[in-house]
Number of protein chains: 2
Amino acid sequence: MAKPSTLPTRERLVMTAMDLFSRKGYESTSVADVLQQAKVNSGSLYHYFPGKRELLLAVLDAYQGGIEPMLLTPAWKGVTDPIERVFALLERYRAGLAMTECSYACPIGSLALEIHEPDPPVRKALARNFEAWVRAVEGCLDAAGDRLPRGTDRRGLAEFVLTTMEGAVMQARTHRDIACFDRSVAQLRRYFDLLEGRPPRASRPPRPTRKGARP
Amino acid sequence: MAKPSTLPTRERLVMTAMDLFSRKGYESTSVADVLQQAKVNSGSLYHYFPGKRELLLAVLDAYQGGIEPMLLTPAWKGVTDPIERVFALLERYRAGLAMTECSYACPIGSLALEIHEPDPPVRKALARNFEAWVRAVEGCLDAAGDRLPRGTDRRGLAEFVLTTMEGAVMQARTHRDIACFDRSVAQLRRYFDLLEGRPPRASRPPRPTRKGARP
DNA sequence: GTCTATAAAAGGATAGAC
DNA sequence: GTCTATCCTTTTATAGAC
C-alpha cells in the first residue's frame, strides 16, 4: 500500500483517492483532500479526470484490477486446500479489522451502500468488483469437487461467502469488536462443515467476548 | 410511513430525516433538504437540535424504537413458528427491495458503513440498533428450543442472520437483482435445515436469474 | 416556537499563464 | 502536464424580529 510520491500523477491521484474514499467515504472526501494528500494541483486532477465521479470510477477499476494480485495471491500463499482458501480470504478481512481497531470496512461494500444516485456506470463498476470476488470463491468451490453435496448451488454459496464477509465486517466495525466477525465466520464454517458432512468442531460457543478481553 | 404535516414539528423533522437519510444517505442529505421536505424553517430545526448530527442521533433512536412496532410486529403477524419468524423477518427486507426496484438498503447498515468519524455516540446508537435486532432473532432461536443442536451458539447464529440480511441486501442492491437476495437467504435456510437435521429442500439451484426474466 | 435574512465556510470546478 | 488564482454554488449554522 506504499504510494511513493514518485508515481506518475494520475496513479498517485487514484491511489490517494482509494485511501481517502475507504477511510473517510466518498462524499466526505473533498477533491481538496485528495489534492493535498497526493500533492497534486487542482489543474492536474482536472486534466486527467472530468470530475470527482470519474476519479471514483478509476478507483473502482483499480480495486478490480487489484483483486488477484493484492488480495487473492497473498491470501492464498501457502494455502492449497480449496475450502481453506475460502476462509483464508476471509482472514484477510479479519486482518484489516485487527489492524485498525475495527474501523476497517470493505471499500467496495461501503461504496455500494453509500452511493445513492442511480448512476449505472458506478453501480456496474461496483457489481463487477463483487462479481470478480464471488467468481474467485466459486472457483474454490468448484475445486472442492465432491466434498460439497451434489447439486450444491456453488454460485449461490460463493455469494453467501461474500454476504458473510460484508455482514461480519459491518457488525465488527459497528461494535468495534472483532469477535463479531469471528462469530459470523464461525457460523459459515459450521455450515461448510455440515455440507461436507464433518462432525462439529469445538462445540463450545465462542464466549461472549468483550472488547479488550483479559489476556 | 405516512408523515402527515399535522405531526408536531420535531417529529416531522425526525421522520423526514429518516426518509432522506435512508434514500440519499447522511452526507448527501443537506439540512436544506430536510427543511424543505418537512416544511419547517431553519430556525425551528436549530431550536430542537444543535445540528445535523443530533438529528441523526434522534433518527437512530427512532429506528430503535420502531423495531418492535414497525418491523417485528407486522413481520410476525400470523407467523408462530419461531424459525419461520426468522425468515419472515428477512422477508420484510425482501419486500423493501422488491418495492424499490432493488434500490433499498437497510438504513442502519448504510449508516454503519457511511459514518467514518469515530463519534462514539453515533456508533453506539448504531450498535444498539443492531443489538436490538439480533436480540429479537435470538429470542426466536431460544424459542426453537431443541430443534437446534445442543450447544448451538444462539447469539452467534442470530448475528449471522443479521449478517446474511445485510450482505444479501447489499448485493441485491448493487446488482439490482433480487435473486441475489434470495440466493443468500436460501443458503441460510439450508444451514438452518442442516442444523435441524432436515433433508434438503428443492435441490435444484435457483437458476441464475437475470433481472427482468421472461414472464 | 416560528419566521426571514444572512453570515461564514467549504464544496466542485474552471481559466489561463507557463 | 502543471501552476496559481478564482468563480460560483451549496452547505451548515446564526441573528434577531415576531
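The preceding data block contains the structure.
This section reports on the structure supplied with the text. Computed from a predicted structure; not experimentally measured. (Residues numbered from 1 in each chain as written. Chains lettered and ligands numbered in written order. Predicted model: local features only at pLDDT ≥ 70, side-chain atom pairs only at ≥ 80, totals over all residues. Heavy atoms only, no water.)

Considering the relation of the copies chain A and chain B
In step 1: Overlaying chain A with chain B gives an RMSD of 0.0 Å, the required rotation being 180° about an axis along which the chain moves by 0.0 Å. Expressed as a symmetry operation, the mapping of one chain copy onto the other fits a two-fold axis. Nearest to the rotation axis, the C-alpha of G167(A) is located 2.5 Å from it, this being the minimum over chain A.
In step 2: A shared interface surface links the copies, since 100% of the contact residues of chain A are contact residues in chain B too. (Least-squares fit on C-alpha atoms with pLDDT ≥ 70 in both. Contact = heavy atoms within 4.5 Å.)

Considering the side chain of S28(A)
In step 1: Mapping S28(A) onto the fold places it in the loop between helix 1 (9–24) and helix 2 (31–38).
In step 2: A distance of 3.0 Å separates polar atoms of two side chains, one belonging to S28(A) and the other to E27(B).
In step 3: When residues no more than four places from it in sequence are discounted, the contact partners of S28(A) are D33(A), E114(A) and E27(B). (Helix = DSSP H or I, 4+ residues; strand = E, 2+ residues; numbered from the N terminus. Polar contact = N/O pair within 3.5 Å; in protein donor to acceptor, adjacent residues only side chain to side chain.)

Re the packing of helix 5 (residues 82–99) of chain A against helix 7 (residues 120–143) of chain A
Residue and element names in this part refer to chain A.
In step 1: Contact pair helix 5 / helix 7: the axes reach a minimum separation of 7 Å and the direction vectors enclose 150°. Comparing the axis directions of helix 5 and helix 7 gives the class roughly antiparallel. Residues P82, R85, V86, L89, L90 and Y93 of helix 5 touch helix 7, and the partners they reach there are W133, V137, C140, L141 and A143.
In step 2: Classifying every residue of the contact of helix 5 with helix 7 gives 10 nonpolar, no polar and 1 charged. (Axes fitted to C-alpha atoms, helices over the stretch in contact; angles between N-to-C directions. Parallel < 35°, antiparallel > 145°, perpendicular 65-115°, else oblique. Nonpolar A, V, L, I, M, F, W, Y, C, P; charged D, E, K, R; others polar.)

Points about the side chain of Q171(A)
In step 1: Relative to the assigned elements, Q171(A) resides in helix 8 (residues 154–175).
In step 2: Apart from the residues within four sequence positions on either side, Q171(A) is in contact with R176(A), C180(A), S184(A), F130(B), V134(B), E159(B), L162(B) and T163(B).

Section: the protein's contact with DNA strand D
In step 1: Taken together, 13 residues are adjacent to DNA strand D, and T9(A), N41(A), V31(B), S42(B) and Y46(B) come closest.
In step 2: In DNA strand D, atoms within 4 Å of the protein come 74% from sugar and phosphate.
In step 3: A distance of 2.6 Å separates a phosphate oxygen of DNA strand D from a polar side-chain atom of T9(A).
In step 4: N41(A) is positioned such that a nitrogen or oxygen atom in its side chain is 2.3 Å from a phosphate oxygen of DNA strand D.
In step 5: Residue assignment for the surface near DNA strand D shows that the elements contributing at least two residues are helix 3 (42–48) of chain A together with helix 3 (42–48) of chain B.
In step 6: With 4 residues, the single largest contributor to the surface near DNA strand D is helix 3 of chain A.
In step 7: Across the surface near DNA strand D, the residue classes break down as 3 nonpolar, 9 polar and 1 charged. (Near = heavy atom within 4 Å.)

Details of the pattern of salt bridges
In step 1: Under the criterion given, the structure shown has 32 salt bridges over all chains.
In step 2: Among the ionic pairs, R53(B) bridges to D119(B), the shortest N-O distance being 2.7 Å. Taken as a pair, R53(B) in helix 4 (residues 52–76) and D119(B) in the loop between helix 6 (107–114) and helix 7 (120–143) lie far apart in primary sequence, 66 residues in all.
In step 3: Residue classification places D119(B) among the buried residues on the basis of a relative accessible area of 16%.
In step 4: Among the salt bridges present, the one from R128(B) reaches D61(B), with a minimum N-O distance of 3.8 Å. With R128(B) in helix 7 and D61(B) in helix 4, this pair connects stretches of sequence that are 67 residues apart.
In step 5: In this structure R128(B) comes out as partly exposed when scored by relative accessible area, which is 37%.
In step 6: Because the salt bridges share partners, they merge into one network encompassing D81(A), R147(A), D193(A), E196(A), R198(A) and R201(A). (Salt bridge = Lys/Arg side-chain N within 4 Å of Asp/Glu carboxyl O. Buried < 20%, exposed > 50% of the residue type's maximum accessible area, 1.4 Å probe, protein only.)

Honestly, it's all geometry; don't read function into it.
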